[in-house]
Amino acid sequence: MSDSLEKQMIAEFNVPVEMRDGIVLRANIYRPNQEGKWPVLLHRHPYNKDNPPVSFGLYDISRAVRQGYVVIVQDTRGRFASEGEWELISTSRHEASDTYETIRWASTLPYSSGEVGLFGESYSAFVQWAGMLQNPQELKAATPSFSWSDPFDGLMYRGGALELGFLAYWQLGMYLDTLTRLYSDEQERAAALAQLISDIDQLKKEIKALPLKNFAPFARNKVAPLILEHFERGMDQAYVDALSLKGKYDKITVPALNIAGWYDIFLQGTIENFLQMRNKGGSPEARQSKLVIGPWMHLDHSHQAGDINFGLAANSSVVDLVGLQLRWFDHFLKGKDNGIIGEAPVKLFVMGENVWRDEYEWPLARTIYTPYYLHSQGHANTLQGDGVLSTIMPGQEAADHYTYDPLNPVITKGGSIMMPPDFGSGAFDQREIESRDDVLVYTTPVLEEDIEVTGPVKVKLWASSSASDTDFVARLVDVHPDGYAQNLTDGIIRARYRNAAKGEAPSLIEPGKAYLYEIDLWSTSNLFKKGHRIRLDITSSNFPRWDRNPNTGKNFGEDQAEDVVIARQTIFHDAEHPSSIILPIIPRR
């Protein structure tokens, strides 16, 4: 810490805060080095309050202190300097009360003005929402970034498929701290930690094992026992209610500045939180919530996402997200009329054109939802196939076929993921994947003019399978003039959960029968430039991002390698079964 900063800021470390059940949580406090009372900005997270000591993610602590705030960073329950035990499900039930009690404590500090704001990303964003649901009167505003809404839409499951890659990587990483609490013997602790580090390093190899319930890194060393419960419980809403915001937005009275990324694993959750707060928030202030979406990956707010450089203007430091959040807090915690409420509620980055744009609603009111239909002569397999994408309705056309073998799945390459670096995150060339015979590729002719796609993207797929349960995966791709196939957004549907969005219970399918599947590709904003092409890929796996469907209809995690069934998949695109991708086209003139 520089001498000049020491003169401006006082730092206190490991300050205890006792919860109602006697558990002591510890926090670092940073405050102006002068007399006065200041609003408090609170950040509660499980990733070590001491690292880094001055700034974290989207927030610059020293800048906030210089601007007249007390900043408190706290280890959540069961993490690092705080007491208690951490498990995703059990601990999440404490986060609401822990946040509430910490807010009340922070508001009574001798240098606090009594006004509190919350900030942070990912798990810390969930912690904010949990606290906001308690509506402590001292809490005036929040900036939840990269946050989920429904744990069954991107956190634990997606379209009925297990978020295997994320859960394995994240949960194992979380136990690097937890292991130190589980072993009293120093030698045993060191050995267990070394094994865990090895497991994380070898995750790409280990994750291929079947059945999932015997996945070695989870089965040994007391690591992540609750993830094994996911395999048994499946999509049990009551089990994860503490992690969910569904149906609760009318109870929230605090305004939220929501920040998301087009390549973030929680993109749709952040958008959903914004929409629900604008429409159903429990106060006029809550209904003033805002949304910012950049071309960012999870916890990476730079201008590079995978292979693609979106230009320096995309970098969070250039767009000054720190300053935007401080303006948000200045308005709601200090009562400053700085104009932020009068600004457009949505700021989004249009990829391809690589520009920021203000909008006044989501989805955009001027959107023209345009079906692009699948066509072929029955041979859309691979890049060399005859698959075509166009706005022309299909007539009598031969169906496409491919074989899905769970023991030879399509491997994850980029996308909205948080997984080991081997798999990448963000935009990557998909041509290697599109060269597989079990991937159907439908591409438009070369575009004669720019086409902007901004908004929610869905695929309506008519398909049958020889199996009683299976998966279908869809991916939207921007094909550059040199052939580079840039993934934009994708989605999955597990056949047994095809009607889950309608509230129906899971049910197996009849082999050979055609069903209409709706695959939610979430949202994107991309300018397909003149000379580019629009592409849709259809397959049945994206592993290990999502777990493989063994095609047997058994419950999660039960299948041995010898139990899996190879499925023969049929994709229809004729007059009676017009499979399509619905693109949200934004008029450019």
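Residues numbered from 1 in each chain as written. Predicted model: local features only at pLDDT ≥ 70, side-chain atom pairs only at ≥ 80, totals over all residues. Heavy atoms only, no water.

**Comments concerning the side chain of Asp 574**
- Note on placement: Asp 574 falls in the loop between strand 26 (567-572) and strand 27 (580-586).
- Within the buried set, Asp 574 has no salt-bridge partner at all; the shortest N-O distance to an opposite charge, 15 Å, is to Arg 568.
- Within the structure, the side chain of Asp 574 is placed 3.0 Å from the backbone nitrogen of Glu 576, a separation counted as a polar contact.
- Leave out the neighbours within four places in its chain, and Asp 574 touches Pro 394, Gly 395 and Glu 397. (Helix = DSSP H or I, 4+ residues; strand = E, 2+ residues; numbered from the N terminus. Buried < 20%, exposed > 50% of the residue type's maximum accessible area, 1.4 Å probe, protein only. Lys, Arg positive; Asp, Glu negative; His and termini not counted. Salt bridge = Lys/Arg side-chain N within 4 Å of Asp/Glu carboxyl O. Polar contact = N/O pair within 3.5 Å; in protein donor to acceptor, adjacent residues only side chain to side chain. Contact = heavy atoms within 4.5 Å.)

**Regarding the environment of Gly 294**
- Tracing the backbone shows Gly 294 in strand 12 (residues 290-297).
- Sequence separation between Gly 294 and Leu 536 is 242 residues; the distance between their C-alpha atoms is 23 Å.
- With residues near it in sequence (within four places) discarded, Gly 294 still touches Ala 260, Gly 261, Trp 262, Phe 349 and Trp 356.

**Regarding the layout of surface pockets**
- Its boundaries defined by the atoms lining it, the largest pocket holds a volume of some 1300 Å³.
- In terms of lining, the largest pocket is formed by 44 residues, of which the most central are Asp 150, Asp 153, Ala 500, Ala 501 and Lys 502.
- Two domains each donate at least three residues to the lining of the largest pocket, and these are domain 1 (1-152 + 242-359) and domain 3 (368-586).
- Taken as a whole, the second largest pocket holds about 470 Å³ of empty space.
- Taken together, 25 residues make up the lining of the second largest pocket; nearest its centre are Tyr 47, Trp 170, Met 174, Leu 299 and Met 418.
- For the lining of the second largest pocket, the elements supplying multiple residues, two or more each, are strand 3 (38-45), helix 4 (123-132) and helix 5 (164-182).
- Looking at the lining of the second largest pocket, the element that brings in the most residues is helix 5, giving 7 residues.
- In the lining of the second largest pocket, the residues fall into 15 nonpolar, 7 polar and 3 charged.
- Composition of the lining of the second largest pocket by domain shows at least three residues from each of domain 1 (1-152 + 242-359) and domain 2 (161-234). (1 Å grid on protein atoms, 1.4 Å probe; cavity = no way out; pocket = protein on both sides within 12 Å on 5 of 7 lines; lining within 4 Å. Points joined across faces, edges and corners; volume = space filled by probe spheres on them. Domains from an automatic or database assignment. Nonpolar A, V, L, I, M, F, W, Y, C, P; charged D, E, K, R; others polar.)

**Some thoughts on the packing of aromatic side chains**
- Using the criterion set out here, one finds 19 aromatic pairs in the structure.
- Between Phe 13 and Tyr 30 the ring centres are 6.2 Å apart and the planes differ by 85°, which places this aromatic pair in the edge-to-face class. Of this pair, Phe 13 sits in strand 1 (residues 9-18) while Tyr 30 sits in strand 2 (residues 24-32), and the two are 17 residues apart along the sequence.
- In this structure an aromatic cluster arises from ring pairing among Trp 86, Tyr 123, Phe 126, Trp 148, Phe 166, Trp 170, Tyr 175 and Phe 266.
- Lying across the ring of Tyr 69, Lys 334 places its NZ or CZ 4.2 Å from the centre. (Phe/Tyr/Trp six-rings, centres within 6.5 Å; stacked < 30°, edge-to-face > 60°. Lys NZ or Arg CZ within 6 Å of the ring centre and 35° of its normal.)

**Section: the pattern of salt bridges**
- Taken as a whole and assessed by the stated rule, the structure comprises 33 salt bridges.
- Where Asp 320 meets Arg 63, a salt bridge forms, and the shortest distance between an N and an O atom there is 3.0 Å. Placement of the pair is Asp 320 in the loop between helix 11 (316-319) and helix 12 (321-334) and Arg 63 in helix 2 (residues 61-66), with a sequence separation of 257 residues.
- Note that Asp 563 is salt-bridged to Lys 554, the shortest N-O span being 3.7 Å.
- Classification of Asp 563 by relative accessible area gives partly exposed; the value is 27%.
- Among the residues examined, Lys 554 registers a relative accessible area of 38% and is labelled partly exposed.
- Taken together, the salt bridges that share partners define one network made up of Glu 353, Arg 357, Glu 359, Arg 366, Glu 452 and Arg 588.

**Concerning unusual backbone geometry**
- Here the amide bond leading from Trp 362 into Pro 363 is cis, since omega sits at -10°, within 30 degrees of zero.
- Note that the residue after Phe 543, namely Pro 544, is joined by a cis bond; omega there is 10°.
- Within the fold, Pro 544 resides in the loop between strand 25 (533-539) and strand 26.
- Positive phi values are uncommon outside glycine, yet Ser 122 reaches one of about 60°.

**A few points about the packing of helix 5 against helix 6 (residues 186-201)**
- It is the contact of helix 5 with helix 6, at a shortest axis distance of 10 Å, that shows an interaxial angle of 165°. The pairing of helix 5 with helix 6 is recorded here as roughly antiparallel in orientation. Both helix 5 and helix 6 take part in a crossing whose hand is left-handed. Where helix 5 approaches helix 6, its residues Tyr 169, Leu 172, Gly 173, Tyr 175, Leu 176, Leu 179 and Thr 180 are matched on the opposing element by Arg 189, Ala 192, Leu 193, Leu 196, Ile 197 and Ile 200.
- Class assignment for the residues of the contact of helix 5 with helix 6 results in 10 nonpolar, 2 polar and 1 charged. (Axes fitted to C-alpha atoms, helices over the stretch in contact; angles between N-to-C directions. Parallel < 35°, antiparallel > 145°, perpendicular 65-115°, else oblique. Left-handed = near helix turned anticlockwise from the far one by under 90°.)

**Re the side chain of Ser 580**
- Along the chain, the position of Ser 580 falls in strand 27.
- The class for Ser 580 is buried, based on a relative accessible area of 3%.
- In contact with Ser 580, not counting residues within four places along its chain, are Pro 371, Tyr 372, Tyr 373, Leu 374, Lys 458, Val 459 and Lys 460.

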